[in-house]
Amino acid sequence: MLYNLQDKRTGYFDVDYTMEELKDIKYALDQSAVVAITDKTGTITFVNDHFCEVSKYSREELIGKNHRMLNSGVHPKSFFRDMWKTIGNGHVWKGEICNRAKDNQLYWVQTTIVPFLNAQGKPYQYIAIRVDITAQKNMKKVEYLAYHDELTNLPNKRKLTMHFEELIKKEEHGTFGVLFIDIDDFKKINDSFGHAVGDLFLVEFANRLHHFSVNGITSYRLHGDEFIIQFTYTEEKEIHTLVQSVIELFKEKFLIGGHEFFANISAGVSLFPKDGNTTEELLKNADTAMFSAKDIAGSNFLLYEPSMNQDYEELLLLENKLRKKLIQSDFELYYQPKIHAITGELVGMEALIRWFEPGIGYIPPDKFIPLAEERGLIETLGEWTLTTACHQIEQWNKLHNTELRVAVNIFATHIIQPSFVQKVCQIISETGVNPNHLELEITENIMLNQSEKSIMVLKQLREMGIRIAFDDFGTGYSSIGYLNQYPVDTIKIDRSFIRNLDSKKDSTTIVSIMNQLGQSLGLEVVAEGVETVEELSILKDLNCTIIQGYYYSKPLSAEDFTKKMTSFININ
């Protein structure tokens, strides 16, 4: 017997099939394709066995249900709106669809939907023939993830290496450049606001880089807060223009999770083939130039120069020595006295960290402290400093029956640590120091970008009896404004104002105003960096009573300070 497949719209019989041939066609479809038939509203009227296998639904669960039961939520509404518009107009639709199986797993199908039309040319049913392509899609996803950063979707280091090696092999390509970008102080965002906010910041950072990428420019995420831009150029002046354009990208503030951030970047540039013939050399030299650029305030970049290698190697050597010193707790604290200008009595001292390296000598704090901040070592260094200073002041006060106070510098990294207050409590408990004998010195950069958190931490410290001093007062744009916001007990007039007292009338006026302001707010005022009798005399006339500087003493080791204690203290 022959069976005819009739077009209901035209009434013509296109092909004659025997029952056996129809069975063969059905068998072939069941083995290779997912087949479903729906009415014009999308209600399922037929599914083959393969459809049930892939969807994990039985035939009874599917027949009579709307096809929307398989909606995965992956596609937007506009996707299905366009699909229905196509088949509703009697046209065949082809595309990839992600469906959700009964066990909640997603699966992808390459789909062809054929509308069957009635005599009026309107669809009365649809046959959808699908091929399961989940494995292929997963392979594409795996391949994509292998060559892209999961967080930012930028190409990753593996993709960078592949691309660079291709460029290097193509001699006819000529020159290209590598821009190595590092986000300054990114660790503070993570420490202060958490990694979730930090990740969102990196995503926005990467988005700006991505939009910057045009022909001849490709952006990559290397790792952490380090990014690479590969670019082509013909003249060196083009490099300066390009890098300045990148810097401009990040001058606009970042709005992340209700917080405002501003990003400074440090960048280094290496050029092929001048600065390296391999991917490793180009990255290393661009990285070296970037670290040299960090010595310049603000967002800056430098072109690689061979002389930078020595500086970079010295920096790595210094870092290794710093890590060993921290493990061995092999630093020293020196103490500079604070003297009452009228009575000449010792009222306290500031603890200053010193590093003596055999064969080298004393390494300046302005060289190793920024390195400790950059490498995430400042918390450990600060903990050692605070513990040592607390032990020492407790010992001196017991020995001489005094109420002296030691001042210790803390950094923004300390304040934003969630456990900082707890750590200070622990140190006080372990050393037995009276909290009233401890003063923590902060600078203006602690107050930037995190004022609410800083205020909360400082208030907690003051409630414990610890005093808070505002160091380098007058050097920042907002120093005076912070006095109304922050719980401060002491202001220290920066030495840059003191050194000009005897030669510049303006400096005398400024110091007088700052001293009067502090005293009117009930704050202790300390003049630091006093070196001459003329400076001391002027400060006395201005009624500034607490003096710190070389006029009375340079910073002394604990041993030397102990020997001079009797000359500083009025024993009676």
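Every chain is numbered independently, its residues counted from 1 as its sequence is written. A pLDDT threshold of at least 70 governs which residues receive local features in this predicted model, and a stricter bar of 80 or more applies before side-chain atom pairs are shown or counted, although totals over entire chains, interfaces and linings include all residues. Working from all heavy atoms in the structure, the side-chain values ignore hydrogens and water.

A look at the confidence of the model for the protein
As a reminder, the rule being used: pLDDT is defined as a per-residue confidence score from the predictor, taking values between 0 and 100. Here a strand is any run of E in DSSP of at least two residues, a helix any run of H or I of at least four, and the numbering for each starts at the N terminus. For this analysis, residues touch if any pair of their heavy atoms sits within 4.5 Å.
Averaged over all residues, the pLDDT of the protein is 85; the fraction at 70 or higher stands at 89%. The least confident element of the protein, judged by mean pLDDT, is strand 1 (residues 2-6) at 43; the most confident is strand 18 (residues 405-409) at 96. The model gives residues 1-15 a pLDDT under 50, and that stretch makes 33 contacts with residues more than four places away or in other chains.

Re the packing of helix 8 (residues 195-212) against helix 9 (residues 236-249)
Put simply, the rule is: Each axis is a line fitted through C-alpha atoms, and for a helix only the stretch in contact is used; angles between axes span 0 to 180 degrees, taken between their N-to-C directions. Helix crossings fall into two classes, left-handed where the near helix is turned counterclockwise from the far one by less than a right angle and right-handed where it is turned clockwise. By the convention adopted, Pro, Cys, Tyr, Trp, Phe, Met, Ile, Leu, Val and Ala count as nonpolar, Lys, Arg, Asp and Glu as charged, and the other residues, Gly among them, as polar.
The geometry of helix 8 relative to helix 9 is characterised by a closest axis approach of 10 Å and an angle of 140° between their N-to-C directions. Note on packing geometry: the crossing formed by helix 8 with helix 9 is right-handed. Between helix 8 and helix 9, the residues in contact are Arg-208, Leu-209 and Phe-212 and Leu-242, Ser-245, Val-246 and Leu-249, respectively. Here the contact of helix 8 with helix 9 is built from residues that sort into five nonpolar, one polar and one charged.

Considerations on unusual backbone geometry
Heads up, the condition is: Only protein chains enter the calculation, and the probe is 1.4 Å; a residue is then buried if its accessible area is under 20% of its type maximum, exposed if over 50%, and partly exposed in between.
The step from Phe-272 to Pro-273 runs through a cis peptide bond, and the omega angle for that step is 5°. In this fold, Pro-273 is placed in the loop between strand 13 (265-272) and helix 10 (279-293). Look at Ser-329: it is not a glycine, yet its phi comes out positive at around 50°. Residue class for Ser-329 comes out partly exposed when judged on its relative accessible area of 39%. Residues other than glycine seldom take positive phi values, yet Asn-401 does so here, at roughly 55°. Within the secondary structure, Asn-401 sits in the loop between helix 13 (378-400) and strand 18. Taking relative accessible area as the criterion, Asn-401 reaches 71% and is therefore assigned exposed.

With respect to the sheet that holds strand 13
Selection rule: Think of it this way: DSSP has to see at least two bridges between two strands before they count as a pair.
One open sheet holds the five strands; their spatial order is 9-10-8-13-14, and the pairing between them is mixed. In the strand order of this sheet, the two ends are held by strand 9 (217-223) and strand 14 (300-303), each with one partner. Looking at each pair of strands side by side, their axes are set apart by 20° on average, direction ignored. Note: strand 8 (residues 176-183) against strand 10 (residues 226-231), six bridges, orientation antiparallel. The residue bridging Gly-177 from the neighbouring strand is Phe-231, located in strand 10.

Focus on the pattern of salt bridges
Opposite charge on two side chains makes pairing possible when the charged atoms of those side chains draw close. Heads up, the rule is: Salt bridge, as used here: a side-chain nitrogen of Lys or Arg that lies within 4 Å of a carboxyl oxygen of Asp or Glu.
Under the defined criterion, the tally for this structure stands at 28 salt bridges. The closest approach of N and O atoms between Lys-102 and Glu-61, which form a salt bridge, is 2.6 Å. Taken together, the residues Lys-102 in the loop between strand 5 (93-100) and strand 6 (106-117) and Glu-61 in helix 3 (residues 59-62) connect sequence positions 41 residues apart. What emerges from the salt-bridge pattern is a single network uniting Lys-338, Glu-350, Arg-405, Glu-439, Glu-441, Arg-467, Lys-492, Glu-524 and Glu-528.

Considerations on the packing of aromatic side chains
Here is the rule: Pairing of aromatic side chains here covers Phe, Tyr and the six-membered ring of Trp, requires ring centres within 6.5 Å, and sorts the geometry by plane angle: under 30 degrees stacked, over 60 edge-to-face, intermediate tilted. Two conditions define a charge located above a ring, namely a distance within 6 Å from the ring centre to NZ of Lys or CZ of Arg, and an angle within 35 degrees of the ring normal.
Summed over all chains, the structure comprises 26 aromatic pairs. Taking the centre distance of 5.1 Å and the plane angle of 85° together, the rings of Tyr-551 and Tyr-552 count as edge-to-face. Aromatic ring contacts, followed pair by pair, group Phe-186, Phe-201, Phe-205, Phe-227, Phe-250, Phe-254 and Phe-261 into a single cluster. A cation over an aromatic ring shows up here: Lys-159 above the ring of Tyr-147, its NZ or CZ 5.7 Å from the ring centre. Taking the ring centre of Phe-254 as reference, the NZ or CZ of Arg-208 above it sits at 3.7 Å.

Some thoughts on the side chain of Glu-528
Position of Glu-528 among the secondary structure elements: in strand 22 (residues 524-528). Setting aside its immediate chain neighbours within four residues, Glu-528 contacts Asp-471, Asp-472, Lys-492, Ile-493, Asp-494, Arg-495, Ile-498 and Gln-548.

Points about the environment of Phe-205
Within the secondary structure, Phe-205 is located in helix 8. On a C-alpha basis, the gap between Phe-205 and Phe-227 in space is 9.7 Å, while along the polypeptide they are 22 residues apart. Ignoring anything within four residues of it in the chain, the contact list for Phe-205 reads Ile-181, Ile-183, Phe-227, Phe-250, Phe-254 and Ile-265.

Looking at helix 11 (residues 308-328)
Since there are 3.6 residues in each turn of an α-helix, residues three or four apart along the chain are aligned in direction. Heads up, the condition is: To estimate the expected span of a helix, count its residues, drop one, and scale the result by 1.5 Å.
Given a rise of 1.5 Å per residue, 21 residues ought to cover 30 Å, and the 30 Å separating the end C-alpha atoms of helix 11 matches this to within 8%. The complete set of buried residues in helix 11 reads Met-308, Asn-309, Tyr-312, Leu-318, Glu-319, Leu-322, Lys-325 and Leu-326. Looking at the packing, one finds that the buried side of helix 11 touches helix 10, strand 14, strand 16 (346-357), strand 17 (361-363), helix 12 (365-374) and helix 13. Backbone geometry just downstream of helix 11 places Ser-329 in the positive-phi region, at approximately 50°.

Quick word on the pairing of strand 3 (residues 34-39)
The element strand 3 is extensively covered by neighbouring structure, given that five of its six residues are classed as buried. Relative to strand 4 (residues 44-47), strand 3 is paired through three bridges, and the arrangement is antiparallel. Its bridge partner lying in strand 4, Ala-36 is registered against Val-47. Hairpin connection from strand 3 to strand 4: four residues lie between these consecutive antiparallel strands, with Gly-42 at a positive phi of about 95°.

Things to note about the side chain of Ser-292
Tracing the backbone shows Ser-292 in helix 10. Contacts of Ser-292, omitting those with residues within four sequence positions, involve Leu-302 and Met-308.

Focus on the environment of Ile-427
Note that Ile-427 resides in helix 15 (residues 420-431). Counting along the chain gives 40 residues from Ile-427 to Thr-387, while the straight-line C-alpha distance between them is 5.9 Å. When near neighbours in sequence (up to four residues on either side) are disregarded, Ile-427 contacts Glu-383, Leu-386, Thr-387 and Cys-390.

Concerning the pairing of strand 19 (residues 438-442)
Judged by how many residues are buried, strand 19 sits mostly within the fold: five of five residues are covered. Here strand 19 shows a buried face lined by Leu-438, Leu-440 and Ile-442 and a second buried face lined by Glu-439 and Glu-441. Two elements, strand 18 and strand 19, share four bridges in a ladder whose sense is parallel. From the neighbouring strand, Ala-407 faces strand 19, where its bridge partner is Glu-439. The pairing of strand 19 with strand 20 (residues 467-473) spans four bridges and is classified as parallel. Its bridge partner being in strand 20, Glu-441 is matched across the sheet by Ala-469.

As for the environment of Phe-176
Relative to the elements of secondary structure, Phe-176 occurs in strand 8. A sequence separation of 57 residues divides Phe-176 from Tyr-233, and the C-alpha atoms of the two residues are 6.1 Å apart. Phe-176 has contacts with Phe-164, Leu-167, Ile-168, Gln-230, Phe-231, Thr-232, Tyr-233, Ser-270, Leu-271, Phe-272 and Leu-282, leaving out every residue within four places of it along the chain.

Here's the deal with helix 21 (residues 558-568)
The criterion, for reference: Note that the arc is computed from the directions linking the helix axis to the C-beta atoms.
Buried within helix 21 we find Phe-561, Met-565 and Phe-568. Looking straight down helix 21, one finds its buried side chains confined to an arc of 80°; they lie on one side. Exposed and facing more than 90 degrees away from the buried side of helix 21 are Glu-559, Lys-563 and Ser-567. Against strand 15 (332-340), strand 16, helix 13 and strand 24 (556-557) lie the buried residues of helix 21.

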